[in-house]
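# Summary of structural features
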Amino acid sequence: MSEPTATRPFARFEWMLSMRYLRSQRREGFISFIAAISFLSLTIGVAALIIVMAVMNGFRKELLDKILGLNGHLLIQPLDSPLTDWEMVAGRVAMVPGVELAAPVVEGQALASSPFNANGHARGLR
C-alpha cells in the first residue's frame, strides 16, 4: 500500500482559486480591483509589522545591553563559600594586562515600588 501523497504548496487548486478571484472579468472588473488593493494593503501591513517588530526588538536589546546591563567578559564566583576577599581578587584581576575594569557586582532580589506600580527583579546590582 502506498503512502498518500500530500499536495505541494501552491498546488494547481490554490492557483485556480486565487486567480478566479484576482483576475477580472468584464462585468466584475471593480471587484478584482478591490481584491488587488486589499491584497496589496495586507502585504504592506504585514511587512511593516515585521519591520517594526525587528527594529524595536533590536533597539530593546541594545538598550538593555549597552546602557542598563553589565556585560563583563569574565565572571568570578566562589564555589562553596561567600567571596569575602573581593577587594584582593578585584585588585589581582585589574593588574592582568589588557583588563580595563574590574568591578564587584552584588546579585540579589530587589523591589522597586511607586504609588502607581511595584516590580521585583533578581538581577545584578552595581
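We now turn to the structure provided with this report. (Residues numbered from 1 in each chain as written. Predicted model: local features only at pLDDT ≥ 70, side-chain atom pairs only at ≥ 80, totals over all residues. Heavy atoms only, no water.)

Another point: the overall build of the protein chain. Helix and strand content of the protein chain: three helices and two strands. Out of the 126 residues in the protein chain, the part that is buried amounts to 3%. Taking the intrachain contacts of the protein chain between residues at least 6 apart in sequence as the baseline, contacts between residues at least 24 apart amount to 12%. Working note: accessible area of the protein chain is about 12300 Å², and carbon and sulfur atoms make up 64% of it. (Helix = DSSP H or I, 4+ residues; strand = E, 2+ residues; numbered from the N terminus. Buried < 20%, exposed > 50% of the residue type's maximum accessible area, 1.4 Å probe, protein only. Contact = heavy atoms within 4.5 Å. Areas by Shrake-Rupley, 256 points an atom, 1.4 Å probe, with all protein chains shown as cover.)

A cluster of nonpolar side chains, namely Ile 51, Val 52, Val 55, Met 56, Phe 59 and Leu 63, defines an oily patch on the protein surface of about 580 Å² accessible area. Here Val 52 lies in helix H2 (residues 29–68). (Patch = residues over 30% accessible without salt bridge, like charges linked within 9 Å, V, L, I, M, F, W, Y side chains within 5 Å. Salt bridge = Lys/Arg side-chain N within 4 Å of Asp/Glu carboxyl O.)

A few words now on the environment of Ile 76. Turning to its location among the elements, Ile 76 is positioned in the loop between H2 and helix H3 (86–94). For the pair formed by Ile 76 and Ala 90, sequence separation is 14 residues and the distance between their alpha carbons is 9.4 Å. Once residues lying within four places of it in the same chain are set aside, the contact partners of Ile 76 are Leu 83, Val 89 and Val 93.

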